[in-house]
Amino acid sequence: MPHDVAAARAAAEEESAFSHPPVDPDAIASYGDHPDQVIDFYAPRGESGPGGQAPLVVLLHGGAWRARYDRRHVTPFADFLARRGFAVANVEYRRGADASGAGASGAGGPGSEGSGAGAAAGSGSAGTAGSGSDSGTAAGAGAGAGAGGPVAGRWPETFDDVAAALDALPALVREALPQADPRRIVLTGHSAGGHLALWGAARHCLPADAPWRTDRPALLRGVVALAPIADLTVADKLDVCGGATRQLLGGEVEFAERQPYADPALLLPTGIATTLVQGRADVVVPHAVADSYADAAAKAGEVVGLTLLEDVGHFPLIDPAADACAVVVEEIAQLAW
């Protein structure tokens, strides 16, 4: 397909995905003291399972781990899931610095002193970092993240937050979303959030000195990763989202040192049912990244499902108006129900 045609289609898909107004949650809970350490909860609108409880979808948004892309841009997708009978937990987490340097990364993490396993539960602000119209896209994030531009991720805070949110989730769900069945949890995420979903499910496979490591696998029905940045080596070679993967780990020098703690493709096998959903026409996170993760899983003796959607790009996977979004829901349902 000619580049200009592909670009035009990607722009149209992006516009459609971000045309939906944000949907407010039914409840909000904090898992730490920072304003970004919050989870939005959506109650199921459809039929529930045994005991009146519905499967819980834990959702991690994308946006190249950059500060300007917050959870609000996936709230229409969260609502879409809720209207199909799922309980939803939409997780916010700390992301990279903006052009002014706000939100600069701390110095902790594996290989450095003071790398706690995550923030303790607290009563932080439930504020929202932005609006649906301001959330932007991962495609925009890929443009020119050089000096003075937006930085992807905060090391180790981004990982601290995902670990802390997952650890705090059972107690928060009991309080904020009793309609959710804690025995039926599917972890999902889009783009950079797909990376974090795969990583969150693989914490028991982390190196022994990782502060986020768990002693046993998470109690999940499975993981459905949507156009995930699943293999950091391949993503780095392809310069996905303007060097976002290298920025996520702190830069050129830190990449090799920190990659074993952060790259899902190096944390296999997990023993957890995993499906990747990917558009063949994705120009933001090319399907070569998902292909490489699936290949790495196979080499580790694990079968990972890979659903490749023809003529689908990056954003339809989270666009309630797109047919691809219905495919995503079906993949989640196959694990959850």
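Refer to the structure above for everything that follows.
So, a few notes on the structure that sits alongside this text. Within each chain, residues carry numbers counting from 1 in the order of the written sequence. Local features are withheld for residues below a pLDDT of 70 in this predicted model, meaning they are given only at 70 or higher, and side-chain atom pairs are given and counted only at 80 or more; totals for whole chains, interfaces and linings count all residues. Side-chain numbers here rest on the full set of heavy atoms in the structure, without hydrogens or water.

Here the focus is the sheet that holds strand β2 (residues 38-42). Here, a strand pair is defined by DSSP locating no fewer than two bridges between the strands. A run of H or I in DSSP becomes a helix once it reaches four residues, and a run of E becomes a strand once it reaches two; helices and strands are each numbered from the N terminus. Overall, mixed pairing links the eight strands, which are arranged β1-β2-β4-β3-β5-β6-β7-β8 in an open sheet. A strand with exactly one partner marks an edge of an open sheet, and here the two such strands are β1 (27-30) and β8 (305-309). Each neighbouring strand pair of the sheet contributes to a mean axis angle of 20°, computed without reference to strand direction. Two strands pair when backbone bridges link them, and strand β3 (residues 54-60) and strand β5 (residues 180-190) are joined in this way by seven bridges, in the parallel orientation. Within β5, the position partnered with Val57 by the bridge is Val186. Whenever a helix is involved, its axis is fitted only over the stretch in contact; in every case the axis is a line through C-alpha atoms, and angles between N-to-C directions fall within 0 to 180 degrees.

Here the focus is the pattern of salt bridges. Salt bridges, as used here, are contacts in which a Lys or Arg side-chain nitrogen is within 4 Å of a carboxyl oxygen on Asp or Glu. A full pass over the atoms with the stated rule returns 17 salt bridges. Asp40 is the partner of Arg71 in a salt bridge, and the nearest nitrogen-oxygen pair spans 2.8 Å. Of this pair, Arg71 sits in the loop between β3 and α2 (75-82) while Asp40 sits in strand β2, and the two are 31 residues apart along the sequence. The two residues Arg71 and Asp40 agree in class, both being buried. We call a residue buried when its accessible area falls under 20% of the maximum for its residue type, exposed when it is over 50%, and partly exposed in between, using a 1.4 Å probe and counting protein chains only.

This brings us to the packing of aromatic side chains. What counts as a ring pair is set by centres within 6.5 Å for rings of Phe, Tyr and Trp (its six-membered ring), and what kind of pair is set by the plane angle: stacked under 30 degrees, edge-to-face over 60, tilted for all other angles. Applying the stated criterion across every chain yields a total of seven aromatic pairs. With centroids separated by 5.6 Å and ring planes inclined at 90°, the aromatic side chains of Trp155 and Trp212 adopt a geometry described as edge-to-face. Here the residue Trp155 occupies a position in the loop between α3 (138-141) and α4 (157-176), and Trp212 occupies one in the loop between α5 (192-201) and β6 (222-226), the gap between them amounting to 57 residues. For the residue pair Trp155 and Trp212, the accessibility class agrees, reading buried in each case. Consider the rings of Trp199 and Trp212, whose centres lie 5.5 Å apart with planes at 75°: the pair is edge-to-face. Separated by 13 residues along the polypeptide, Trp199 in helix α5 and Trp212 in the loop between α5 and β6 bring together distant segments of the chain. The pair formed by Trp199 and Trp212 is uniform in burial state, with each residue classed as buried. Taken together, the ring pairs in this structure connect Trp155, Phe159, Trp199 and Trp212 into an aromatic cluster. Any Lys NZ or Arg CZ that is within 6 Å of a ring centre and within 35 degrees of that ring's normal is treated as a charge sitting over the ring. A cation sits over an aromatic face here: Arg84 above Phe80, 3.6 Å from the ring centre.

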